[in-house]
Amino acid sequence: MSTHAEDDVIAPVSAVAGTSAFTTAVPAPQADRAVASRTRTFDNARLRKDFAAQDAFLYLEDFLAPEVTAQLVHSARALLDEVNRNYLPGHKQGGSVSRHTIDRLAPFIAELYRSKELIGWLEQLSGDKLQVSPADDPHAYALYYYTRPGDHIGWHYDTSYYDGRRYTLLLGVIDESSCRLDYELHTRNPDVPDQPGSVQIPPGGLVFFDGDKLRHRITPAGANEMRVSLTFEYVTDPNMRPWRRFISNMKDAVAYFGFRQVFRQMASRGKGSA
Ligand SMILES: O=C(O)CCC(=O)C(=O)O
Ligand SMILES: [Fe+2]
């Protein structure tokens, strides 16, 4: 079900992938400064209202500073050789790169994930105190790749296995595709009719939502298309009961990152080295 994907790249992209991409220097921006340069220009009171009115969902077409988007695009292409592909018939087909690989090869993404400016702004929107996900959660930050015809994710929620809420931030990185994020608002609220919507997330665009409230899917990629999105997960309580951790890990191993990535951290922690 889970395979490596060295040869899974369409031609124009593979020209810049591989080791040479790592040596082509693209200076990393300073994450906090770059985030603040954008968030201080927004009408944040208005965005907060929009987020609440849409039952904990917000889409912004143009969020990231251009130098951040450029850095993410560079990393997404440089990490093509690291993509782990998965097929879950009827539910999901596509690739992902876990936070463990990002830590090794794209540290700017880890820095952006932890940016105080970013987290503070998301806290303003959500009205919740947010924390980064624990070190052994491979989903804390991850890249998703849609590079083959039919790559998609079926309807689902980003269910929280934590004791508190789980928020998902999606950042558009590469979108040379017809893929759409289809969603339904208010599905958990019997008093409000479900409200369907659909967006494409262009490079630098943002989607932020409470994972247990937004029903969503990514529609299938066509031939010669490529889409990469970056996901950040924030939680209100990083505690997770052991049996839920087990279910969450199994899901991440089967549907996203492969067993080696997901259980590697646990194994090394068992030996006292993490
Ligand atoms: O690729 C995306 O933008 C979102 C993917 C998604 O919904 C998920 O992996 O849970
Ligand atoms: Fe999702």
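Cut-off values and rules
- Residues numbered from 1 in each chain as written.
- Chains lettered and ligands numbered in written order.
- Predicted model: local features only at pLDDT ≥ 70, side-chain atom pairs only at ≥ 80, totals over all residues.
- Heavy atoms only, no water.
- UniProt positions renumbered as here; feature names shortened; annotations may be inferred.
- Donors = N, O, S within 2.8 Å, 3.2 Å for Na, K, Ca; no water.
- Helix = DSSP H or I, 4+ residues; strand = E, 2+ residues; numbered from the N terminus.
- Buried < 20%, exposed > 50% of the residue type's maximum accessible area, 1.4 Å probe, protein only.
- Core = buried A, V, L, I, M, F, W, Y, C linked by side-chain atoms within 4.5 Å.
- Contact = heavy atoms within 4.5 Å.
- Arc of directions from axis to C-beta.
- Axes fitted to C-alpha atoms, helices over the stretch in contact; angles between N-to-C directions.
- Parallel < 35°, antiparallel > 145°, perpendicular 65-115°, else oblique.
- Left-handed = near helix turned anticlockwise from the far one by under 90°.
- Nonpolar A, V, L, I, M, F, W, Y, C, P; charged D, E, K, R; others polar.
- Salt bridge = Lys/Arg side-chain N within 4 Å of Asp/Glu carboxyl O.

For the chain, the name recorded in an unreviewed UniProt entry is Fe2OG dioxygenase domain-containing protein, with Paraburkholderia susongensis as its organism. The annotation that UniProt attaches to the chain under Sequence similarities (unreviewed entry) is "Belongs to the iron/ascorbate-dependent oxidoreductase family."

Colleague: What is the right way to read the coordination of the iron ion (ligand 2) from this model?
Modeller: Each donor-metal-donor angle in an ideal tetrahedron of four donors is 109.5 degrees, and each such angle in an ideal octahedron of six donors is either 90 or 180 degrees. On the protein side, the iron ion (ligand 2) has His156 (NE2), Asp158 (OD) and His216 (NE2) as donor atoms, found 2.1 to 2.2 Å from it. Expressed as a motif, the donor residue spacing for the iron ion (ligand 2) is H-x1-D-x57-H. Placement of the pair is His156 in strand 7 (residues 152-156) and His216 in strand 12 (residues 215-218), with a sequence separation of 60 residues. The residues His156 and His216 share a single accessibility class, namely buried.

Colleague: Even after reading the chapter, I still don't get the nonpolar core, so can you show me in this structure?
Modeller: The nonpolar side chains of a soluble globular protein tend to be buried with one another. Ranked by size, the top nonpolar core spans 48 residues in total, and within it Tyr145 and Phe232 carry the most contacts. Those residues in contact with Tyr145, other than ones at most four positions away along the chain, are Ser75, Ala76, Leu79, Leu80, Val83, Gly94, Gly95, Val97, Asp151, Met226, Arg227 and Val228. By size, the runner-up hydrophobic cluster in this structure holds 23 residues, among which are Phe57, Leu181, Val207 and Ala221.

Colleague: Can you walk me through helix 4 (residues 44-53) in this structure?
Modeller: Along an α-helix, a turn takes 3.6 residues, which lines up residues three or four apart on a common side. When we look at burial in helix 4, the residues that qualify are Asn44, Leu47 and Phe51. Viewed along the axis of helix 4, the buried residues span an arc of 55°, placing them on a single side of the element. The exposed residues of helix 4 that point more than 90 degrees off its buried face are Ala45, Lys49, Ala52 and Ala53. The first or second residue beyond helix 4 is Asp55, which carries a positive phi of 55°.

Colleague: So what exactly am I meant to see when it comes to the packing of helix 5 (residues 66-78) against helix 7 (residues 107-114) here?
Modeller: How two helices pack is summed up by the angle between their axes together with the distance between the axes. Closest axis-to-axis distance for the helix 5/helix 7 pair is 10 Å, and the angle between their directions is 135°. Put simply, helix 5 runs oblique to helix 7. As for how helix 5 packs across helix 7, the hand of that crossing is left-handed. Residues Val68, Gln71, Leu72 and Ser75 of helix 5 pack against Phe108, Ile109 and Leu112 of helix 7. In terms of residue class, the contact of helix 5 with helix 7 is built from 5 nonpolar, 2 polar and no charged.

Colleague: Sorry if this is basic, but what is going on with the pattern of salt bridges here?
Modeller: Working definition: two side chains of opposite charge can pair if their charged atoms are close together. Per the counting criterion, the structure on display carries 14 salt bridges. As a salt-bridge pair, Arg38 and Asp62 come within 3.6 Å of each other at their nearest N and O atoms. Within this pair, whereas Arg38 is found in helix 3 (residues 31-39), its partner Asp62 is found in the loop between strand 2 (57-60) and helix 5, the two being separated by 24 residues in sequence. Classification of Arg38 as buried rests on a relative accessible area of 17%. Across the salt bridge formed by Arg85 and Asp151, the nearest N and O atoms sit 2.9 Å from each other.

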